[in-house]
Amino acid sequence: MTHAFPDSPDFSGHNAPSRIECDIYDLVVEGTVPAEINGSWFRSIPDPQYPPMLGDDTYLSGDGMVSVFRFENGHVDFRMRYVQTERWKNERRARRSLHGLYRNPYTDDPSVRGKGRGAANTTPIFHAGRVLAAKEDSRAWSVDPRTLDTVGEWDFAGRLRSQTMTAHPRMDPETGEMYFFGYEASGLASRDVAYCVANKDGELVREEWFQVPYCALMHDFAVTQEHAIFPVFPIVADLERIKAGGPHWAWDDSRDSFVGIMPRDGKVSQMRWYRAPRCSAFHFINAFTAGNTVHLDFSYANVPVFPFIRAATNMTVQPHEITGELTRWSFDLSKPGDTFERHALGASGDLPRIADRDSMKDYEVVYYGRFDPQVAMPMLTGPVGAGFNALTRLEVRSGRASTLAMENRTTLQEPVHIPSAQPGHEGYLAYVVDKHDENLSEVHIVHASHPERGALARVKIPLRLRSGVHGTWVSADRL
Ligand SMILES: [Fe+2]
């Protein structure tokens, strides 16, 4: 007997677990999918097999599901499979959840003490022919790019020392290298961070460790053609609290933020730390070096956007009290001291995407999701609570923005950018649309240059896709 999932925001409505592994050949398409879109769009979705052991949990604990939309000559096929992690296998064998609080092994069932807890639920990274389902608290799991069958935990052929790998590596479009890091590299709540580089063939060619000022939730980082950038915001881990069965993360409003910058091909001993105001950020849009200055673009908020982190800190914040914007922080490395310049880029939002070719260099356009209270009332979906109801294209130099408002009672998930082979063509954006009344999902495709003109094609999915986290576009010639 499997008990019901809780009736809490992370497990009900559009967030109700799906647990469906499936193959659907030739999804129904309204409109026309441009024939030049040819490739695979991989996505990661947290989707718990079993109800939480302790009665409730965060969305972010869900077992990783990897799905793929395969586009070919106007047709779209779909496949979705669980990543068969050690955690997933142990729970399947026991036919129940064996894991307690988010990222707290001290609250687990004794039968899984010392066993892998990684859920592989955040990003399907594509590098050197591998799809790596990553979650930042553990190493990534390799899945077969065609079948999505689980290959196994990936430790770079035994070379990776870090116990963890970020779900946000940075790909150099010029060299094919993958830059990444692992925080809590030596274990729970440790200050050790591993800075790593894999060459274009997927071989780990560098791993150097350094210490951050305090153990923080380091969800993402940034790399330019010359520098690596490690921001640290005060969502903080504490080993004593974890050992006592408490939450892994809590907001610490006594701490400043820090940004570490080092030459990307240099030594970690060259890291220079800048002190920054207390704020919260999860995703960096892009970064680039111009002369002596490193520019870092991202979306920040005044408090953590995740309700479970605020709850761990007994913070009561009304939705309208969460403020933020897209911002650029510019660090002039020729100047002494630990201060820097800031200026606003645009309205707040998250899950930003740029064209892969623009990564690490000065660039023009970002696409991202926003919650716009002018558009509609919030609809519950995803780990933050309110789904995005607007898709914005922002030109970061001019500030010019265009926005597509979602239809009533629909929300959108993270967009992905699909390049075009046509000269001067900005490519396309694809994104999953949650249809809350029908309990179904669709994929919409728009021109990247003009999202406000609406969908060229609507790909019908005959089931509800739980809110995914991140996705990756892989053109057919790279697979
Ligand atoms: Fe992320």
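Our structure is the block above this text.
These notes cover the structure that comes with them. None of these values were measured; they are calculated from a predicted model.

Definitions and limits used
- Residues numbered from 1 in each chain as written.
- Predicted model: local features only at pLDDT ≥ 70, side-chain atom pairs only at ≥ 80, totals over all residues.
- Heavy atoms only, no water.
- Helix = DSSP H or I, 4+ residues; strand = E, 2+ residues; numbered from the N terminus.
- Donors = N, O, S within 2.8 Å, 3.2 Å for Na, K, Ca; no water.
- Buried < 20%, exposed > 50% of the residue type's maximum accessible area, 1.4 Å probe, protein only.
- Phe/Tyr/Trp six-rings, centres within 6.5 Å; stacked < 30°, edge-to-face > 60°.
- Lys NZ or Arg CZ within 6 Å of the ring centre and 35° of its normal.
- 1 Å grid on protein atoms, 1.4 Å probe; cavity = no way out; pocket = protein on both sides within 12 Å on 5 of 7 lines; lining within 4 Å.
- Points joined across faces, edges and corners; volume = space filled by probe spheres on them.
- Pairing = 2+ DSSP bridges.
- Axes fitted to C-alpha atoms, helices over the stretch in contact; angles between N-to-C directions.

### Focus on unusual backbone geometry
The phi dihedral of arginine 103 falls on the positive side, at around 55°, and the residue is not glycine. Turning to its location among the elements, arginine 103 is positioned in the loop between helix 1 (86-94) and strand 6 (123-127). One non-glycine residue, alanine 157, adopts positive backbone phi at about 55°. Structurally, the position occupied by alanine 157 is in the loop between strand 9 (150-153) and strand 10 (170-171).

### Some words on the coordination of the iron ion
Put simply, a metal with four donors set out as a tetrahedron has ideal angles of 109.5 degrees, and one with six donors set out as an octahedron has ideal angles of 90 or 180 degrees. The protein atoms that coordinate the iron ion are His168 (NE2), His219 (NE2), His283 (NE2) and His470 (NE2), at distances of 2.0 to 2.1 Å. All donors of the iron ion come from a single chain, and their spacing in sequence reads H-x50-H-x63-H-x186-H. With histidine 168 in the loop between strand 9 and strand 10 and histidine 219 in the loop between strand 13 (204-211) and strand 14 (222-223), this residue pair connects regions lying 51 residues apart in the sequence. With respect to class, histidine 168 is no different from histidine 219; both count as buried.

### Overview of the packing of aromatic side chains
How two aromatic rings sit relative to each other is set out by the distance from centre to centre and by the angle between their planes. Across all of its chains, the model carries 27 aromatic pairs by this definition. With a centroid separation of 4.9 Å and an interplanar angle of 80°, the aromatic rings of phenylalanine 282 and phenylalanine 306 are classed as edge-to-face. Residue phenylalanine 282 is located in the loop between strand 19 (272-276) and strand 20 (284-290), and its partner phenylalanine 306 is located in the loop between strand 21 (293-301) and helix 3 (307-312); the two are separated by 24 residues in the primary sequence. Like phenylalanine 306, phenylalanine 282 is buried. Relative to tryptophan 329, the ring of phenylalanine 298 has its centre 4.8 Å away and its plane inclined at 85°; by these criteria the two rings are edge-to-face. Within this pair, whereas phenylalanine 298 is found in strand 21, its partner tryptophan 329 is found in strand 22 (residues 324-332), the two being separated by 31 residues in sequence. The pair phenylalanine 298 / tryptophan 329 is uniform in exposure class, with both members buried. Taken together, Phe233, Tyr274, Phe284, Phe298, Trp329, Phe331 and Phe340 form an aromatic cluster joined through their ring pairs. Here the guanidinium or amino end of arginine 43 rests over the ring plane of tryptophan 41, the centre of that ring lying 5.5 Å away. Looking at arginine 255, its charged tip hangs above the ring of tyrosine 214, at a distance of 4.6 Å from the centre.

### Remarks on the layout of surface pockets
For the second largest pocket, the calculated volume is near 910 Å³. Residue lining of the second largest pocket: 37 residues in total, with Pro169, Met171, Arg353, Asp356 and Thr472 positioned closest to the centre. Mapped onto the lining of the second largest pocket, the elements with two or more residues apiece are strand 6, strand 10, strand 20, strand 24 (350-353) and strand 35 (471-475). The element contributing the most residues to the lining of the second largest pocket is strand 35, with five residues.

### A few points about the sheet that holds strand 22
With respect to topology, four strands assemble into an open sheet ordered 20-21-22-23, the strand pairing being antiparallel. In this open sheet, the two strands that pair with only one neighbour each are strand 20 and strand 23 (341-347). Across the sheet, the axes of successive neighbouring strands diverge by a mean angle of 20°, strand direction being ignored. Bridge count between strand 21 and strand 22: nine bridges; the pairing is antiparallel. Counterpart to serine 299 in the pairing with strand 22 is leucine 326.

Functional significance is not addressed by these values, which are geometric in nature.
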